[in-house]
Amino acid sequence: MVDAVLEATRELESIIEEGKAKIEGGVHLQLCAAVVKVYNAAKAINGEESEKEDEDDEGEVDEEDEEESDEESERERTEDDMGVNELSELWEWNFDFGRPNAVMELDYLIDEITASVTPKRVCAAVRVLNRALKGSKPDDPADAERILEWKEELVAERAIRVCAEILEAVDDRGFHNETHEEHWLYSIICDEILELFQRLGEGDALFRTKLRRNGALKGVKAYHATGRGHITEDVLEMLQQA
């Protein structure tokens, strides 16, 4: 509508210019001044409407962004959305190592270690065991008994064997392969396994023997040969003790 007014104003201005010879000077100037006012007013209105449209467009975009953000925040986060740190913290909170109302048993972590095809889940499971062992009190009879049970279950359910195979780079899941999409997690998993072996074997000659029988020494030697792992040599020396 405003564009039509602007166009009509231009036409009126042309008509006035063409007929100015027949129009008295004072009247001609008044008509020109009036046309200019109409033109400027129409142009100003047009500018305001353009700004309003831009604001409306921006408002619509903002509303869409807010709606998407609301939908994102309303969607419950799943374990798939989490990285290794967040996932291990979640599992650690739920793992039963003496805390009342814990809901995650050792079997769950063992299943993740031995069967999961997702490196971050394997890494998180080993890390939870490490933190549980680190936070336990060996002098506490309840803790000591619980750790003894864990050790037996880790051997019986092949968790120690599988961890050793990961270090040896013969595990069927191929986390060690450079072509694996999450190969960058391999060294982190191995560091967690090395720490687990160290915590399980320290001060327990009988269990060191079980570790060796289940491939731990072989796996640590193979990993040590690659030159990786900040505690590989310490764990190797520990496993070689009688």
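This one's a predicted model, so the numbers in the text were calculated from it and none came from an experiment.

A.B. asks: Which parts of the structure should I look at to understand the overall build of the protein chain?
C.D. replies: For the protein chain, the helix and strand inventory stands at 11 helices and 0 strands. The N-to-C order of helical and strand elements in the protein chain reads α-α-α-α-α-α-α-α-α-α-α. Looking at the protein chain residue by residue over its 242 residues, the buried ones come to 34%. Long-range contacts, defined here as pairs at least 24 residues apart, represent 62% of the contacts in the protein chain between residues at least 6 apart. For the protein chain, the accessible area works out to roughly 14,800 Å², and carbon and sulfur atoms hold 48% of it.

A.B. asks: Any chance you could explain the pattern of salt bridges here in plain terms?
C.D. replies: Side-chain pairs of opposite charge can arise whenever the charged atoms involved come near each other. Applying the stated rule across the entire model yields 12 salt bridges. Across the pair arginine 173 and aspartate 171 runs a salt bridge, and its minimum N-O distance is 2.8 Å. By sharing partners, the salt bridges in this structure join Glu79, Glu112 and Arg121 into a single network.

A.B. asks: Can you help me understand the packing of helix α5 (residues 119-135) against helix α8 (residues 186-201) in this one?
C.D. replies: Helices that pack against each other are described as a pair by the angle of their axes relative to one another and the distance between those axes. Direction vectors running N to C along α5 and α8 enclose 30°, while the axes themselves pass 9 Å from each other. By the criterion of interaxial angle, the relationship of α5 to α8 is roughly parallel. Helix-helix and strand crossings are classified by hand; for α5 and α8 the assignment is left-handed. Contacts between α5 and α8 involve Pro119, Val122, Cys123, Val126, Arg127, Leu129, Asn130, Leu133 and Lys134 from the first element and Ile188, Ile189, Glu192, Ile193, Glu195, Leu196, Arg199 and Leu200 from the second. Looking at the contact of α5 with α8, its residues break down into 11 nonpolar, 1 polar and 5 charged.

A.B. asks: Is there a simple way to think about the environment of isoleucine 189 in this case?
C.D. replies: With respect to the helices, strands and loops of the structure, isoleucine 189 is situated in helix α8. For the pair isoleucine 189 and histidine 176, spaced 13 residues apart in sequence, the C-alpha separation works out to 10.0 Å.

A.B. asks: Teacher, can you tell me more about the packing of aromatic side chains here?
C.D. replies: Aromatic rings considered in pairs are described by the distance between their centres and by the relative angle of their planes. The final tally for this structure, using the stated rule, is 3 aromatic pairs. Ring centres 6.2 Å apart and planes at 75° place the aromatic pair tyrosine 186 and tyrosine 223 in the edge-to-face group. Taken together, the positions of tyrosine 186 in helix α8 and tyrosine 223 in helix α10 (residues 216-225) put the pair 37 residues apart, joining distant regions of the chain. With relative accessibility at 2%, the residue tyrosine 186 sits in the buried group.

A.B. asks: What am I meant to see in the side chain of asparagine 130 here?
C.D. replies: Locating asparagine 130 in the fold gives a position in helix α5. A polar atom in the side chain of asparagine 130 sits 2.8 Å from the backbone oxygen of glutamate 192.

A.B. asks: Please clarify how the state of the cysteines should be interpreted in this entry.
C.D. replies: Should the sulfur atoms of two cysteines be covalently bonded, the bond is a disulfide. Under the criterion given, the structure shown has 0 disulfides. Its sulfur unpaired, cysteine 163 is 9.4 Å from the next cysteine sulfur, which belongs to cysteine 190. Judged by relative accessible area, which is 1%, cysteine 163 ranks as buried. Its relative accessible area of 0% is what places cysteine 190 among the buried residues.

A.B. asks: Would you mind showing me how to read unusual backbone geometry here?
C.D. replies: What you tend to see is this: most non-glycine residues have negative phi, and most peptide bonds are trans. At arginine 158, a position not held by glycine, the phi torsion is positive, near 70°. Within the secondary structure, arginine 158 is located in the loop between α6 (141-156) and α7 (159-168). Although it is not a glycine, alanine 169 adopts a positive phi angle of roughly 65°. When you line up the elements, alanine 169 lands in the loop between α7 and α8.

A.B. asks: Mind showing me how you'd approach the environment of glutamate 89 here?
C.D. replies: Of note, glutamate 89 is situated in helix α3 (residues 84-94). A sequence separation of 38 residues divides glutamate 89 from arginine 127, and the C-alpha atoms of the two residues are 9.2 Å apart.

A.B. asks: Honestly, the nonpolar core in this entry has me stumped. Any pointers?
C.D. replies: Proteins that are soluble and globular tend to have nonpolar side chains buried together. Counting residues in each nonpolar core, the largest one holds 49 residues, and the members touching the most others are Phe95 and Phe197. In terms of residue count, the dominant contributor to this core is α5 (9 residues). Leave out the neighbours within four places in its chain, and phenylalanine 95 touches Ala102, Met104, Glu105, Leu106, Leu109, Val128, Leu129, Ala132 and Trp150.

Cut-off values and rules
Residues numbered from 1 in each chain as written. Predicted model: local features only at pLDDT ≥ 70, side-chain atom pairs only at ≥ 80, totals over all residues. Heavy atoms only, no water. Helix = DSSP H or I, 4+ residues; strand = E, 2+ residues; numbered from the N terminus. Buried < 20%, exposed > 50% of the residue type's maximum accessible area, 1.4 Å probe, protein only. Contact = heavy atoms within 4.5 Å. Areas by Shrake-Rupley, 256 points an atom, 1.4 Å probe, with all protein chains shown as cover. Salt bridge = Lys/Arg side-chain N within 4 Å of Asp/Glu carboxyl O. Axes fitted to C-alpha atoms, helices over the stretch in contact; angles between N-to-C directions. Parallel < 35°, antiparallel > 145°, perpendicular 65-115°, else oblique. Left-handed = near helix turned anticlockwise from the far one by under 90°. Nonpolar A, V, L, I, M, F, W, Y, C, P; charged D, E, K, R; others polar. Phe/Tyr/Trp six-rings, centres within 6.5 Å; stacked < 30°, edge-to-face > 60°. Polar contact = N/O pair within 3.5 Å; in protein donor to acceptor, adjacent residues only side chain to side chain. Disulfide = S-S within 2.5 Å. Core = buried A, V, L, I, M, F, W, Y, C linked by side-chain atoms within 4.5 Å.

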